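Listed below are the residues making up each chain.
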Amino acid sequence: MTSTPTEPRPATSERRVARGLAGVVVDTTAVSHVDPGSNSLLYRGYPVQELARDCTVEEVAWLLWHGELPDPAEREGLTHLERSARFLSPLVEATVDALPLAARPMDVLRTAISVIGAEDADRDTSAEADLARSVRLFAQLPTVVARDRRRRLGLGPVAPRDDLDHAANLLWMTFGEEPDPVVHDAFRTSMVLYAEHSFNASTFTARVVTSTLSDLYSSVVAAVGALKGPLHGGANEAVMETLTEIGPAAGTEEWLERALGEGRKVMGFGHRVYKHGDSRVPTMREALDRLVEHTGGHDLLERYEALERAMTARTGILPNLDYPAGPAYHLMGFETATFTPLFAVSRVMGWTAHVLEQRADNALIRPLSEYVGREERHR
């Protein structure tokens, strides 16, 4: 016996369906927010541009985890812990080395985090234990990314050093030489700017997983999966691919006309939170300008500025952080496929801060949906 086919029913609930959770406030946080008055991103109350100017990456990590900037003793203690945790275990090294060279760098990073987590047999989920895990991932993800990048180029790994700060050590392990001060400062700046951004897609994913009382490693693995998408962390890679596709700056207007006509999304522009431009962009643009002067990348900057002018004139949409960060990473010497892992190496500070916050006052995140499928029917 069959029922008469019916069309899917329309939504009838009085609840407003907020697709993508746009405009929905789902919880509170003390980690970061964008101040509507100043349009500035604040980490624990501090404008991020001030932190990028004055602080090390380690100091920002401590701030996100603890709520205050470290005093000298706290800074020394974190420095010791982080530098002593930089080496990967033999199993993690072997796993990274065994993965196909065709694997995306974000897939390698995701897998390595799973192995790091699998090796941790401690079932303690206290704040102290999860903070130790946060420091471990903060210390080891740069080692994973650098090792994977070098193996792709047929180069041997470069061991971490305990006399370099967090940003300088990653550059050392990647390129096998101590970074020039201009490159080091630009990279440190990018790490601070990328460290945290409230309930973005990957952070919210981490909080959802944490809300089930799963472990910190699972939360970070899930966050990496969300960050991999081109509408989130993959945008910095897409920016560089776009500038390469455009070619000489003279072709920008024609390229943009065609792209908009085809309905293509121009990556690196627009942001759901900022209504008057991404407050992080000026700081990263200043770092990009210094890199251009240092490396001679004036042709790239010419293309960068041409697309920014054209997009602003045609659409009024302003750049977000990914727009200057992608070209900056290129001028530092990183391959495009490594850009999103660099984002992850930075954002792990924010992810873990939110995991700690979610677990401290947990409520299972389980939203409702509005059903628009078939009415009840029978065979």
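Within every chain, residues take consecutive numbers counted from 1 along the sequence as written. In keeping with the model being predicted, local features are shown solely for residues with a pLDDT of at least 70 and side-chain atom pairs are shown and tallied solely at 80 or more, while totals for entire chains, interfaces and linings include all residues. Working from all heavy atoms in the structure, the side-chain values ignore hydrogens and water.

It is worth spelling out the sheet that holds strand β1 (residues 32–35) at this point. Across the sheet, which stays open at both edges, the 3 strands sit in the order β1-β2-β3 with antiparallel pairing between neighbours. The sheet terminates laterally at β1 and β3 (46–47), the two strands that pair on one side only. Only strands that DSSP links by at least two bridges are regarded as paired with each other. The helix and strand labels rest on DSSP assignments: H or I over at least four residues marks a helix, E over at least two residues marks a strand, and numbering proceeds from the N terminus. One ladder, built from 4 bridges, connects β1 with strand β2 (residues 40–43); its direction is antiparallel. Bridge pairing links valine 34 to leucine 41 in β2.

For the rest of this paragraph, the subject is a nonpolar patch on the surface. Judged by side-chain polarity, Leu21, Val24 and Val26 come together as a nonpolar surface patch covering roughly 200 Å² of accessible area. Counting through the fold element by element, valine 26 comes out in the segment before β1. Nonpolar side chains (Val, Leu, Ile, Met, Phe, Trp, Tyr) within 5 Å and like charges within 9 Å form the patches, drawn only from residues with over 30% relative accessible area and no salt bridge. Under the convention used here, a 1.4 Å probe and the Shrake-Rupley method define accessible areas, while residue burial counts only the protein chains that appear. Criterion for a salt bridge: a side-chain nitrogen of Lys or Arg within 4 Å of a carboxyl oxygen of Asp or Glu.

We now examine the confidence of the model for the chain. Overall, the predicted model of the chain reaches an average pLDDT of 93, with 96% of residues at or above 70. On a range of 0 to 100, pLDDT expresses the predictor's confidence in each residue. We call two residues in contact whenever any of their non-hydrogen atoms come within 4.5 Å of each other. Ignoring residues within four places in sequence, the model shows residues 1–6, a span with pLDDT below 50, making 9 contacts including any to other chains.

Before going further, it helps to examine the packing of helix α11 (residues 235–246) against helix α14 (residues 298–315). With their axes 10 Å apart at the nearest point, α11 and α14 run at an angle of 100° to one another. Between α11 and α14, the crossing angle belongs to the class labelled roughly perpendicular. Together, Met240, Thr242, Leu243, Thr244 and Ile246 of α11 and Leu300, Arg303, Tyr304 and Leu307 of α14 make up the contact between the two elements. Gly is put with the polar residues, along with every residue not named as nonpolar or charged; the nonpolar set is Ala, Val, Leu, Ile, Met, Phe, Trp, Tyr, Cys and Pro, and the charged set is Asp, Glu, Lys and Arg. Within the contact of α11 with α14, the residues separate by chemical class into 6 nonpolar, 2 polar and 1 charged. Geometry is summarised by axes, namely lines fitted to C-alpha atoms with helices restricted to the contacting stretch, and by angles between N-to-C directions that run from 0 to 180 degrees. Each angle receives one of four descriptions, namely roughly parallel if under 35 degrees, roughly antiparallel if over 145, roughly perpendicular if within 65 to 115, and oblique otherwise.

Another aspect to go through is unusual backbone geometry. One non-glycine residue, asparagine 39, adopts positive backbone phi at about 60°. Mapped onto the secondary structure, asparagine 39 falls in the loop between β1 and β2. A positive phi angle is found at arginine 44, which is not glycine, with a value near 50°. You can see arginine 44 is positioned in the loop between β2 and β3. Per-residue accessibility, obtained with a 1.4 Å probe over protein chains only, is compared with the maximum for each type, and a residue is labelled buried under 20%, exposed over 50%, and partly exposed between these values. For arginine 44, a relative accessible area of 23% translates into the label partly exposed.

Our next topic: the nonpolar core. By nonpolar core is meant a set of buried Ala, Val, Leu, Ile, Met, Phe, Trp, Tyr and Cys residues that side-chain atoms within 4.5 Å join together. Counting 92 residues, the largest nonpolar core has Tyr43, Leu137, Phe187, Leu307, Tyr329, Met332 and Phe334 as its most contacted members. Among the elements that make up this core, the one with the highest residue count is helix α16 (residues 339–360) (11 residues). In this structure phenylalanine 334 touches Leu170, Leu171, Thr174, Phe175, Phe187, Tyr329, Phe339 and Leu342, once residues within four positions along its chain are discounted. Grouped together as the second largest cluster of nonpolar side chains are 6 residues, Ala146, Val158, Leu164 and Met173 included.

It is worth spelling out the environment of threonine 205 at this point. Mapped onto the elements of the fold, threonine 205 is located in helix α9 (residues 201–211). Classification of threonine 205 as partly exposed rests on a relative accessible area of 24%. Sequence separation between threonine 205 and alanine 222 is 17 residues, and the spatial gap between their C-alpha atoms is 6.4 Å. Here threonine 205 is in contact with Ala222, Ala223 and Ala226, once residues within four sequence places are set aside.

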